[in-house]
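In case you want the letters, here they are:
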Amino acid sequence: MPTRTAEQRRQAERAAYDAYLAACPTRKLLDEIAGKWVSLVLVALGDGPRRYSDLSRRIAGVSQKMLTQTLRVLERDGLVRREVTPSVPVRVDYSLTPLGESLRALVAGFKDWAEANFDAVDAARADYDARTPDLTIEPGGAG
């Protein structure tokens, strides 16, 4: 049997990923990148590098703990670059990597869709709730 090259092995491994399977590692990645804070951070960084405090002000409602955790996950996954500039006080800037930019382009579409279609979704929810009062779904119930 002929020996496969490293590139052929990588292609075979990629073909084996199936996020519908519970044990597939891409399922965990999808779970991570689908979070609301991840998408908002990626879109906010789309305008260029930002300091932590800028991100915190831009993304209303995110706690310090969640923003820090989100940035660490994104940095670990290779989506965000953290650059420390020695100064007094120390300056830390966050920016998108090329991999992060490729994901931001997709996530920005979801954000734009949500902003453009919220009124229609809200009306559909009200209609559903009026027709089925005992089956009302709490906000965030589908995720």
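Summary of the structure given here. Worth saying up front: this structure is predicted, and the values here are computed from it rather than measured.

1. What to know about the nonpolar core
Link 1 in the chain: Formed by 22 residues in total, the largest nonpolar core has its most connected members in Val-41, Leu-42, Leu-45, Leu-55, Leu-74 and Tyr-94.
Link 2 in the chain: Mapped onto this core, the elements with two or more residues apiece are α3 (36–45), α5 (64–76), β3 (91–96) and α6 (98–131).
Link 3 in the chain: The residues contacting Leu-45, other than those within four sequence positions of it, are Arg-50, Leu-55, Val-80, Tyr-94, Ser-95 and Leu-96.

2. Here we look at the environment of Leu-74
Link 1 in the chain: You can see Leu-74 is positioned in helix α5.
Link 2 in the chain: Residue classification places Leu-74 among the buried positions, given a relative accessible area of 1%.
Link 3 in the chain: C-alpha of Leu-74 to C-alpha of Val-38: the two residues are 36 residues apart in sequence and 7.7 Å apart in space.
Link 4 in the chain: If we ignore the near neighbours within four places in the chain, the residues touching Leu-74 are Val-38, Val-41, Leu-42, Leu-79 and Val-80.

3. Section: unusual backbone geometry
Negative phi is the rule for most residues except glycine; trans is the rule for most peptide bonds.
Link 1 in the chain: At the junction of Val-88 and Pro-89, the peptide bond is cis and its omega measures out at -5° in the coordinates.
Link 2 in the chain: Examined against the element boundaries, Pro-89 turns out to sit in the loop between β2 (80–85) and β3.

4. With respect to the side chain of Ser-95
Link 1 in the chain: In this structure, Ser-95 sits in strand β3.
Link 2 in the chain: Here Ser-95 falls in the buried class, since its relative accessible area comes to 14%.
Link 3 in the chain: The residues touching Ser-95, leaving out its near neighbours within four places in the chain, are Leu-45, Pro-49, Leu-79, Val-80 and Arg-81.

Conventions and cut-offs
Numbering of residues starts from 1 in every chain and runs along the sequence as written. Under the rules for a predicted model, residues below a pLDDT of 70 receive no local features and side-chain atom pairs below 80 are neither given nor counted, while totals for whole chains, interfaces and linings still include all residues. Only hydrogens and water are set aside; all other atoms, that is, all heavy atoms of the structure, feed into the side-chain values. Among buried residues, the Ala, Val, Leu, Ile, Met, Phe, Trp, Tyr and Cys ones that are joined through side-chain atoms within 4.5 Å form a nonpolar core. Note on classification: 1.4 Å probe, protein chains only; a residue is buried when its accessible area is under 20% of the maximum for its type, exposed when over 50%, partly exposed between these limits. Think of it this way: any DSSP run of H or I at least four residues long counts as a helix, any run of E at least two long counts as a strand, and we number them from the N terminus. Residues count as neighbours in contact if any of their non-hydrogen atoms are within 4.5 Å of one another.

These results come straight from atomic positions and should not be treated as a statement about function.
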